[in-house]
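Below, each chain spelled out in residue letters.
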Amino acid sequence: MTRSPSRRLLVISCGLIYFFLMLPLLVVFPISLSSAPYMQFPPPGLSWQWYERYLDDPQWIDATWRSLYIGSATAVFALMLGVPLAFALVRGKFFGRILIDRLALAPVIVPTIILSVAVYGLFAKLKLIGSWYGLVIAHTVLALPFVVLVLGAGLRDFDRSLEQAAEGLGASRWRTLSRVTLPLLRPSLVSAGLLAFISSFDEVVVALFLAGANMTLPKKMFDNIMMEIDPTIAAVSVMQILLVSVVLVLIGRFGRGLKDSAR
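(A) Structural view of the overall build of the protein chain. Summing up its helical and strand segments, the protein chain has 14 helices and zero strands in all. Mapped in sequence order, the helices and strands of the protein chain form the string α-α-α-α-α-α-α-α-α-α-α-α-α-α. C-alpha extents for the protein chain along the principal axes are approximately 70 × 65 × 30 Å. For the protein chain, the share of sequence-separated contacts (at least 6 apart) that also reach a separation of at least 24 residues comes to 69%. Carbon and sulfur atoms make up 68% of the accessible area of the protein chain, which amounts to about 15,800 Å² in all. Charge centroids of the protein chain, computed over 23 positive and 15 negative side chains, lie 13 Å from each other.

Shown next as structure tokens:
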């Protein structure tokens, strides 16, 4: 099949945009393996010294582990709140449903800096500044819209006749939910949880306001860039990119939709 000129132009334009967006990676990856004692591109030689410096620095390791368990906790809490909320918004018929739906998606619309200032004012009164669970609460608010959107899309494509068949065979509401509905929604649940994890793991603006001395990995990177720039930042960036890439691959693997999971 021959492509039309407009189709070819669209493909070329998208390819150029994608190349432009990926261009920084062609710089970050070589710098992370540089043998130079400072930022230099192209690197004079290859060395693992900046990865070793990262692994030997307890501050970097602490920040990494803190980001990992905060992101994991955020994903769990976002699913705990987002799953029933998505069910209520998609299947419920009650007064104020549209308003609640808009409020649930508000963190995506409101600029993060405004939300951070508001949360900082509240958390300062509650003495939650510098606590990891304070960050989990704030990140859960930011991650909740992703869970609601992804799971809501899965519920709208869900075949309700499967639930009706299970209930017709004598299954209770809870048994139908646990044995039929949630297993078929597994792709949406996995995708929503991983997106919630990514949104927390890569978040820096809220962390700048709430983390205090207990730095997350993005905040540690930001502080190091403000103080001094060395190739350790590039090494950490590469590992962060690889982690996010793995998560995106998992989303693509498990988020193929209800039909694939039903097979």
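(B) Looking closely at the packing of aromatic side chains. Counted according to the given criterion, the structure contains six aromatic pairs. On the basis of an interplanar angle of 65° and a centroid distance of 6.2 Å, the ring pair of Tyr120 and Phe209 is categorised as edge-to-face. Of this pair, Tyr120 sits in helix H6 (residues 112-126) while Phe209 sits in helix H11 (residues 205-210), placing them 89 residues apart in sequence. What makes Tyr120 partly exposed here is its relative accessible area of 38%. When its relative accessible area of 26% is taken as the criterion, Phe209 is described as partly exposed. Aromatic side chains Trp132 and Tyr133 sit 5.9 Å apart centroid to centroid with 80° between the ring planes, which places their arrangement in the edge-to-face category. On the basis of relative accessible area, Tyr133 is assigned to the partly exposed category, the value being 43%. Among the aromatic residues, those joined into a cluster by ring pairs are Tyr69, Trp132 and Tyr133. Here the guanidinium or amino end of Lys220 rests over the ring plane of Trp60, the centre of that ring lying 5.3 Å away.

(C) Up close: the layout of surface pockets. Here the largest pocket defines a volume of roughly 230 Å³. Residue lining of the largest pocket: Phe87, Arg91, Arg160, Glu163, Gln164, Glu167, Arg173, Thr176, Leu177 and Thr181, and that is the complete set. Contributions of two or more residues to the lining of the largest pocket are made by helix H4 (58-91), helix H8 (160-168) and helix H9 (173-184). Partitioning the lining of the largest pocket into residue classes produces two nonpolar, three polar and five charged.

(D) Here's a closer look at the side chain of Thr216. In this structure, Thr216 sits in the loop between H11 and helix H12 (217-227). Other than its neighbours up to four places away in sequence, Thr216 contacts Ala63, Ser67, Ile70, Leu135, Glu203 and Ala207.

(E) Looking closely at H6. Compared with an ideal rise of 1.5 Å per residue, which puts 15 residues at 21 Å, H6 spans 20 Å between its outermost C-alpha atoms and is within 8% of the ideal. For H6, the full list of buried residues reads Leu115, Ser116, Val119 and Phe123. Angularly, the buried residues of H6 cover 95° about the axis, an arc narrow enough to put them on a single face. Residues of H6 that are buried sit in contact with helix H7 (132-156) and H11. Positive backbone phi, approximately 60°, marks Lys127, located one or two places after H6.

(F) Structural view of the environment of Ile229. Assignment of secondary structure puts Ile229 in the loop between H12 and helix H13 (232-254). Placed 220 residues apart in sequence, Ile229 and Leu9 show a C-alpha to C-alpha distance of 40 Å. The residues touching Ile229, leaving out its near neighbours within four places in the chain, are Met39 and Asn224.

(G) Summary view of the nonpolar core. With 19 residues, the main nonpolar core has Trp60, Ala196, Leu217, Val236 and Val247 as its most contacted residues. For this core, the elements supplying multiple residues, two or more each, are H4, H7, helix H10 (186-201), H12 and H13. Per element, the largest residue contribution to this core is six residues, and it comes from H10. In this view, Ala196 contacts Thr74, Ala75, Ala78, Ala143 and Val147; residues no more than four positions away in its chain are not counted. Leu115, Leu128, Ala138 and Ala207 belong to the second-largest nonpolar core, a separate cluster that totals 14 residues.

(H) A look at the environment of Gly193. Relative to the helices and strands, Gly193 resides in helix H10. A relative accessible area of 10% means that Gly193 is categorised as buried. Gly193 sits 60 residues away from Tyr133 along the chain, and the two C-alpha atoms are 18 Å apart. Beyond its immediate chain neighbours, meaning those up to four positions away, Gly193 contacts Ala75 and Leu79.

Conventions adopted
- Residues numbered from 1 in each chain as written.
- Predicted model: local features only at pLDDT ≥ 70, side-chain atom pairs only at ≥ 80, totals over all residues.
- Heavy atoms only, no water.
- Helix = DSSP H or I, 4+ residues; strand = E, 2+ residues; numbered from the N terminus.
- Contact = heavy atoms within 4.5 Å.
- Areas by Shrake-Rupley, 256 points an atom, 1.4 Å probe, with all protein chains shown as cover.
- Lys, Arg positive; Asp, Glu negative; His and termini not counted.
- Charge placed at Lys NZ, Arg CZ, Asp CG, Glu CD.
- Phe/Tyr/Trp six-rings, centres within 6.5 Å; stacked < 30°, edge-to-face > 60°.
- Buried < 20%, exposed > 50% of the residue type's maximum accessible area, 1.4 Å probe, protein only.
- Lys NZ or Arg CZ within 6 Å of the ring centre and 35° of its normal.
- 1 Å grid on protein atoms, 1.4 Å probe; cavity = no way out; pocket = protein on both sides within 12 Å on 5 of 7 lines; lining within 4 Å.
- Points joined across faces, edges and corners; volume = space filled by probe spheres on them.
- Nonpolar A, V, L, I, M, F, W, Y, C, P; charged D, E, K, R; others polar.
- Expected span 1.5 Å × (residues − 1).
- Arc of directions from axis to C-beta.
- Core = buried A, V, L, I, M, F, W, Y, C linked by side-chain atoms within 4.5 Å.

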